[in-house]
Amino acid sequence: LATEARASADEARAVELYDSAIALWRGPAFGSLDTPWINQVRAALGDELFTVELDRNDVLLRLGRPVVSPTGTARHPLDERLTGQLMLAAYRAGRQAEAIEHYQRVRVGLADQLGVDPGPALQRLYQQILAADPELDPTSRPRRAPREAPVPRQLPATVSRVAGRAEEW
């Protein structure tokens, strides 16, 4: 279902497919079984569920529906993608201070635990929120990036004759 949702051109349909995929989740895979292999598979399935939830949030935000569940922040407190979604949802709901607070919490956590700054995408979103960028409004028309001139991808043709060099050919 998640693969079908990712391939869907209809975003409303994609949300339905994501919702159906998430509804199939019944808790940790394999119950209370405990082996290294089962634990690895359980973790991979949990990561896949988290990715599906994030993909669903992206689609909802593109549709202008700021429905983001902050429950993932407890499990993934330093996830920049989730933080960006929470920031955007809060900003669109008129809670700019809350959006900035999400950023600051992750920025401090990344610096303290990993010694790094947030990535460029999250920093750019933070700057857009500070500047109240109209591009963050879901009803604004997306701007198209300027088209670049195509880069030639072929070698020049071979020279068949050179004028004035007949004896060298």
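Note that this is a predicted model, so its numbers are computed, not measured.

A. Representation of the side chain of T83. If you trace the backbone, T83 turns up in helix α5 (residues 80-92). Ignoring any residue separated from it by four or fewer positions in sequence, one finds T83 in contact with H102, Y103, V106 and L122.

B. Fine view of the confidence of the model for the protein chain. Of the residues in the protein chain, 82% have a pLDDT of 70 or more, and the chain-wide mean is 83. Of all the helices and strands in the protein chain, helix α4 (residues 72-75) carries the lowest mean pLDDT, 71, while helix α7 (residues 120-130) carries the highest, 93.

C. Quick look at the environment of H102. By secondary structure assignment, the location of H102 is in helix α6 (residues 96-114). For the pair H102 and M87, spaced 15 residues apart in sequence, the C-alpha to C-alpha distance is 6.3 Å. Those residues in contact with H102 that lie beyond four places of it in its chain are T83, L86 and M87. At 3.3 Å, the side chain of H102 and the side chain of R105 are in polar contact.

D. Seen up close, the side chain of R42. In this fold, R42 is placed in helix α3 (residues 36-62). In this structure, R42 is buried with no salt-bridge partner, the nearest side chain bearing the opposite charge being D34 at 5.2 Å. Filtering out sequence-adjacent residues up to four positions away, R42 remains in contact with P28, A29, F30, G31, S32 and L33.

What counts, and where the lines are drawn
- Residues numbered from 1 in each chain as written.
- Predicted model: local features only at pLDDT ≥ 70, side-chain atom pairs only at ≥ 80, totals over all residues.
- Heavy atoms only, no water.
- Helix = DSSP H or I, 4+ residues; strand = E, 2+ residues; numbered from the N terminus.
- Contact = heavy atoms within 4.5 Å.
- pLDDT = per-residue confidence, 0-100.
- Polar contact = N/O pair within 3.5 Å; in protein donor to acceptor, adjacent residues only side chain to side chain.
- Buried < 20%, exposed > 50% of the residue type's maximum accessible area, 1.4 Å probe, protein only.
- Lys, Arg positive; Asp, Glu negative; His and termini not counted.
- Salt bridge = Lys/Arg side-chain N within 4 Å of Asp/Glu carboxyl O.

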